[in-house]
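Coordinates in review
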Amino acid sequence: MAENKRIYLCLAHMSGREQDYIQEAFDTNWVVPLGPNVNGFESDLQQFIKTKTDGKQLDTTHNVVALSSGTAAIHLALIDAGVKAGDEVICQSFTFCASCNPITYLGAKPVLVDSEKETWNMSPQLLQEAIEDRIKKTGKKPAAIIVVYLYGMPAKIDEIVEIAARYDIPLIEDAAEGLGSRFDGQVVGTFGQYGVLSFNGNKMITTSGGGALICQNEQQRHHIMFLATQAREAFPYYQHEEIGFNYRLSNICAGIGRGQMTVLSEHIDHHKHVHEMYKKLLADINGIEVTDNPNNRIDSNFWLSTITIDENLHVEGENDAYKTKIEGAVGGAAGVVHQSENLNTDCEPNRNVEALRCRLDEEGIEARPLWKPMHLQPVFKNAPAYINGISESLFRCGLCLPSGPMVSDEDVEKIVNVVKKNISG
């Protein structure tokens, strides 16, 4: 029997133009971390991010630096913002670890802030409380703030920008999942001093790996480029007066990105279409809610479609959840993982959520839990945290469903049918 098609959570789709740009790079021998494709990709991104929904252009000019990853972009943003060892940096707790890890690269200390329930992103109220409390306890304000657009959903960025400006703290927007999402018609990543993009293989567009940093002016761009290319001084030999990094995007990968830019709007539209299908087809199930834009100021790209499941909704096999050791890691073969001897941790998704994930997996459908908040991660157990319980509650009851250009209408119908047939009352 032929193996059934496996439906993956999110997988970027090639446009057909990528090969042309890659071939041009080889033909012209530009196979290094600079070249026409890098310049062209940055230019395409700059044009995209400055265009509002109504077609008007932003009043401010933003510069884009193409880099090897979104994580590298956060790292360089922190350095350019002046973060030093011993400083504190506020970071949204409800996120992937790459938002928080670069803080520790610098010897700085993360301060974790919980979410508000409408967007699932950083709570402005808790942000202000955290700033005031850190000033009171340490005698100085945090050196930077990192807000995240979780699953593509814009945060209450107007409130967060106001707070950051009031305390004169640099704001970094982690828009790795939010390319094309908008707040009041403006692309996210363009509100703070820095905006971070990711082009990993599962993002809205891909360069196979890669990222970019949006900055506000040419001076920032020049310093970031300097740091990203090993911080070389202007001498006829290699002279280094600052620590630099090998973080520039290659001309080959940038060629893929240029091809992907031609289908970015199409990808965003399809993600939104998949989300609308989930909303429609799951609307009649009491106990399952599809996450949606909370108001008309917020326009998510719906990078991932997410649902929350009432703890009283029963799913087939929930009594057997967490009885089998997981082999490998969530997200597939992304690298080396440690195998645990334990079946459980002190905070995990509810049994009905895990049971539904397992039932979907048996049908060749990849679903994943929501990000486990950083304040619940052992590696950040000693970090100061300002918590209201929202991100933990969402982690326990939430699930990500397959989304993206490779997910067809028929796939969505199959996924919903599997969900419905495994609800036991």
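In what follows, the accompanying structure is described. Quick caveat, the model's predicted, so the values are computed rather than measured.

A complete count under the given rule lists 1 cavity of 30 Å³ or more for this structure. Empty space within the largest cavity amounts to approximately 100 Å³. Surrounding the largest cavity, 13 residues form its lining, L150, Y151, M153, T291 and T306 being those nearest its centre. Taken together, the residues of the lining of the largest cavity sort by class into 6 nonpolar, 6 polar and 1 charged.

This part is about the packing of helix α9 (residues 264-282) against helix α12 (residues 409-421). Taken N-terminus to C-terminus, the directions of α9 and α12 make an angle of 35°; their axes are 10 Å apart at the nearest point. When the axes of α9 and α12 are compared, the crossing they make is right-handed. Along its contact with α9, which presents H273, V274, M277, Y278, L281 and L282, the element α12 presents D409, V412, E413, I415, V416, V419 and K420. Broken down by class, the residue content of the contact of α9 with α12 amounts to 9 nonpolar, 1 polar and 3 charged.

Here the structure, examined in full by the defined rule, presents 22 salt bridges. When the shortest N-O distance is used, the salt bridge between K156 and E118 registers 2.7 Å. Of the two residues, K156 sits in the loop between β4 (144-148) and α6 (157-166) while E118 sits in the loop between β3 (109-113) and α5 (124-138), which places them 38 residues apart along the sequence. Look at E118 and you get partly exposed, because its relative accessible area is 41%. Residues D184 and R297 are paired through a salt bridge, measuring 2.6 Å at the closest nitrogen-oxygen approach. One end of the pair, D184, is in the loop between β6 (182-183) and β7 (186-187); the other, R297, is in the loop between β10 (288-290) and β11 (298-299), with 113 residues separating them in the sequence. Residue class for R297 comes out partly exposed when judged on its relative accessible area of 34%.

Right, let's talk about the layout of surface pockets for a bit. Space inside the second largest pocket adds up to approximately 230 Å³. Taken together, 13 residues form the lining of the second largest pocket, with K117, W120, E289, T291 and T308 sitting closest to its centre. Of all elements in the fold, only β10 and α11 (390-397) reach the threshold of two or more residues within the lining of the second largest pocket. Top element by residues in the lining of the second largest pocket is α11. It accounts for 3 residues. Residues that form the lining of the second largest pocket fall into these classes: 5 nonpolar, 4 polar and 4 charged.

The description of an aromatic ring pair rests on the distance of the ring centres and on the angle between the ring planes. For the coordinates displayed, the defined rule picks out 8 aromatic pairs. In this structure an aromatic cluster arises from ring pairing among F96, Y151, W303 and W371. Lying over the aromatic face of F48, R182 brings its terminal NZ or CZ to 5.8 Å of the ring centre.

With that out of the way, let us pick up the sheet that holds strand β5 (residues 171-174). In spatial order, the strands read β1-β9-β8-β5-β4-β2-β3-β14; together these 8 strands make up an open sheet with mixed pairing. Of all strands in the sheet, those with a lone pairing partner are β1 (63-67) and β14 (385-386), marking the two edges. Where β3 lies against β14, 2 bridges are found, and the strand directions are parallel. The residue of β14 that forms the bridge with V113 is Y386. Relative to β1, helix α7 (residues 218-228) is tilted by about 10°, and along the sheet it contacts β1, β8 (194-198) and β9 (211-215).

Before going further, it helps to examine unusual backbone geometry. In this structure, W120 is a non-glycine residue whose phi angle is positive, near 75°. Position of W120 among the secondary structure elements: in the loop between β3 and α5. Even without being glycine, Y151 reaches a positive phi, approximately 55°. Tracing the sequence through the fold places Y151 in the loop between β4 and α6. By relative accessible area, which is 5% here, Y151 ends up buried.

Another aspect to go through is the nonpolar core. If you look at the biggest cluster of nonpolar residues, it comprises 59 residues, and the most contacted ones within it are F41, I90, I145 and Y151. Among the elements that make up this core, the one with the highest residue count is helix α2 (residues 36-49) (5 residues). Once you skip the residues sitting within four places of it in the chain, Y151 turns out to touch W120, E177, S300, N301, F302, W303, L304, T306, P369, L370, W371 and C400. With 35 residues, the next largest nonpolar core counts A72, V89, C100 and A228 among its residues.

Here we come to the side chain of D114. In this fold, D114 is placed in the loop between β3 and α5. No salt bridge is formed by the buried D114. Its closest oppositely charged neighbour is R396, at 11 Å. A polar side-chain atom of D114 sits 3.2 Å from the main-chain amide nitrogen of G389. Contact partners of D114, with chain neighbours within four places excluded, come to N121, M122, S123, L126, H375, Y386, I387, N388, G389, I390 and S391.

In protein structure, a disulfide is the covalent linkage between the sulfur atoms of two cysteines. Considering all chains together, one arrives at 0 disulfides under this definition. Of the cysteine sulfurs around C91, a residue in no disulfide, the closest is that of C100, at 4.3 Å. Using a relative accessible area of 0% as the deciding quantity, one classes C91 as buried. Unpaired in terms of disulfides, C358 finds its nearest cysteine sulfur in C400, a separation of 15 Å. By relative accessible area, C358 is classed as partly exposed at 24%.

Taken in spatial order, the 3 strands of this open sheet run β7-β6-β11, and their pairing is antiparallel. Every interior strand has two partners, whereas the edge strands, β7 and β11, have only one.

The rules we used
- Residues numbered from 1 in each chain as written.
- Predicted model: local features only at pLDDT ≥ 70, side-chain atom pairs only at ≥ 80, totals over all residues.
- Heavy atoms only, no water.
- 1 Å grid on protein atoms, 1.4 Å probe; cavity = no way out; pocket = protein on both sides within 12 Å on 5 of 7 lines; lining within 4 Å.
- Points joined across faces, edges and corners; volume = space filled by probe spheres on them.
- Nonpolar A, V, L, I, M, F, W, Y, C, P; charged D, E, K, R; others polar.
- Axes fitted to C-alpha atoms, helices over the stretch in contact; angles between N-to-C directions.
- Helix = DSSP H or I, 4+ residues; strand = E, 2+ residues; numbered from the N terminus.
- Left-handed = near helix turned anticlockwise from the far one by under 90°.
- Contact = heavy atoms within 4.5 Å.
- Salt bridge = Lys/Arg side-chain N within 4 Å of Asp/Glu carboxyl O.
- Buried < 20%, exposed > 50% of the residue type's maximum accessible area, 1.4 Å probe, protein only.
- Phe/Tyr/Trp six-rings, centres within 6.5 Å; stacked < 30°, edge-to-face > 60°.
- Lys NZ or Arg CZ within 6 Å of the ring centre and 35° of its normal.
- Pairing = 2+ DSSP bridges.
- Core = buried A, V, L, I, M, F, W, Y, C linked by side-chain atoms within 4.5 Å.
- Lys, Arg positive; Asp, Glu negative; His and termini not counted.
- Polar contact = N/O pair within 3.5 Å; in protein donor to acceptor, adjacent residues only side chain to side chain.
- Disulfide = S-S within 2.5 Å.

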